[in-house]
Amino acid sequence: MKIKLVASKEDQLVANLAALAIGIHILESALPSPLPGVKPGFANIITLIVFLLYGWRMALWVSLLRVFVGSLVLGTFLSPTFLLSLSGALCSLLVLGAISCLSGLGLSAIGLAVLASMAHMLGQFAVAYYLFIPHQALFNLLPVLLSLAIVFGWVSGFITQQLLVRMSGKHEPINRPNYHN
Amino acid sequence: MMTWADKVVICMAVGFVLFLYVWLWQAPQEGDEVSILVNGQQQYRIALQQDKILDVVGGLGISRIEIKAGSVRFFSSPCSNKQCIHRGWLDQAGDFMACLPNKVSLYLLGSNNHYDAINF
């Protein structure tokens, strides 16, 4: 029996954007990091652009594909790195989902990025603490990690905003969609 | 281009992180009391304010514990390696030391302990 799968326009869009995010994810993993778990997270610029242009559901697809495929390519699938990456991605998407339910709260890409980045860091930290290093001393690291999350979130948000300005009118909207679930 | 909502969110985020710095990076606290355990059972609980020398009967014999100027040490011990004595003076809340051969251990209590527990 032959099963035929037809990729819809939406599927292709998700695949293209996820490929872009995976590329950034892999390039970034090659950068040296002063602290474990600290990296700029520029792959999430793609997540944020997808969220703003096509809505939360598409952002979830792109983000999860990035985490899964990225870890398969890097060989970290099901390792602690992967679990940290997954928990961070899920937490930031939960926050973005909540914000989109509240119809955006008047936030621009910068505000969204800062909140998503902090949620990402807190999610990762919770998993790191409960699963891997349940030691009090880890909490001494939390303020530093969150400070970096704010800075990197801000930078990502700024880049997202600039990209959206340059892209305006050139993307293909699928139904309608700012803050669309 | 930042909206007012962005500014509010970023101010709240920065405030939250500053609060975390203050909360999580507070200076370790000096101990107020010492709890002395023999065989895992608490035998004494004494304030560190007054200087005192205490003889505690353990499994091997008498451990002499000295309390002086808010800190505490093993002064003498019947054990063979004397590791407890070499630990020296302790004065921080949450600090812990033990003479395992003599089954005498002690830890310092404060109003805000720096550690919940330490395992060896």
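Below is a short write-up of the structure. (Residues numbered from 1 in each chain as written. Chains lettered and ligands numbered in written order. Predicted model: local features only at pLDDT ≥ 70, side-chain atom pairs only at ≥ 80, totals over all residues. Heavy atoms only, no water.)

1. A look at the state of the cysteines
All names here are of chain B. This is how the line gets drawn: Put simply, a disulfide is two cysteine sulfurs that come within 2.5 Å. Buried residues are those whose accessible area, probed at 1.4 Å on protein chains only, stays under 20% of the maximum for their type, while exposed residues exceed 50% and partly exposed ones sit between those limits.
A full pass over the atoms with the stated rule returns zero disulfides over all chains. Unpaired in terms of disulfides, C79 finds its nearest cysteine sulfur in C99, a separation of 3.5 Å. Judged by its relative accessible area of 3%, C79 is buried.

2. Observations regarding the packing of aromatic side chains
Residues and elements named next belong to chain B. So the rule is basically this: Aromatic pairing here means that ring centres of Phe, Tyr or Trp (its six-membered ring) are within 6.5 Å. Orientation follows from the plane angle: under 30 degrees is stacked, over 60 is edge-to-face, and everything else is tilted. Helix and strand definitions follow DSSP, with helices as H or I runs of at least four residues and strands as E runs of at least two, each counted in order from the N terminus.
Per the counting criterion, the structure on display carries eight aromatic pairs over all chains. With centroids separated by 5.9 Å and ring planes inclined at 15°, the aromatic side chains of F19 and W23 adopt a geometry described as stacked. Note that F19 and W23 are positioned in helix α1 (residues 4–24) at a spacing of four residues, about one turn of the helix. Ring centres 5.0 Å apart and planes at 90° place the aromatic pair Y21 and W25 in the edge-to-face group.

3. Focus on the sheet that holds strand β5 (residues 71–76) of chain B
Residue and element names in this part refer to chain B. Stated formally: In this description, strands pair whenever DSSP reports at least two bridges between them. Between the N-to-C directions of two axes lies an angle of 0 to 180 degrees, each axis being a line fitted to C-alpha atoms and, for a helix, fitted only over the stretch in contact.
Across the sheet, three strands lie side by side as β3-β4-β5; this open sheet has antiparallel pairing. Edge positions in the open sheet fall to β3 (52–57) and β5, since each of these has one partner strand only. Each strand axis lies, on average, 30° off the axis of its neighbour in the sheet, ignoring direction. One ladder, built from six bridges, connects β3 with strand β4 (residues 62–68); its direction is antiparallel. Looking at β4, one finds that K52 is bridged to I67.

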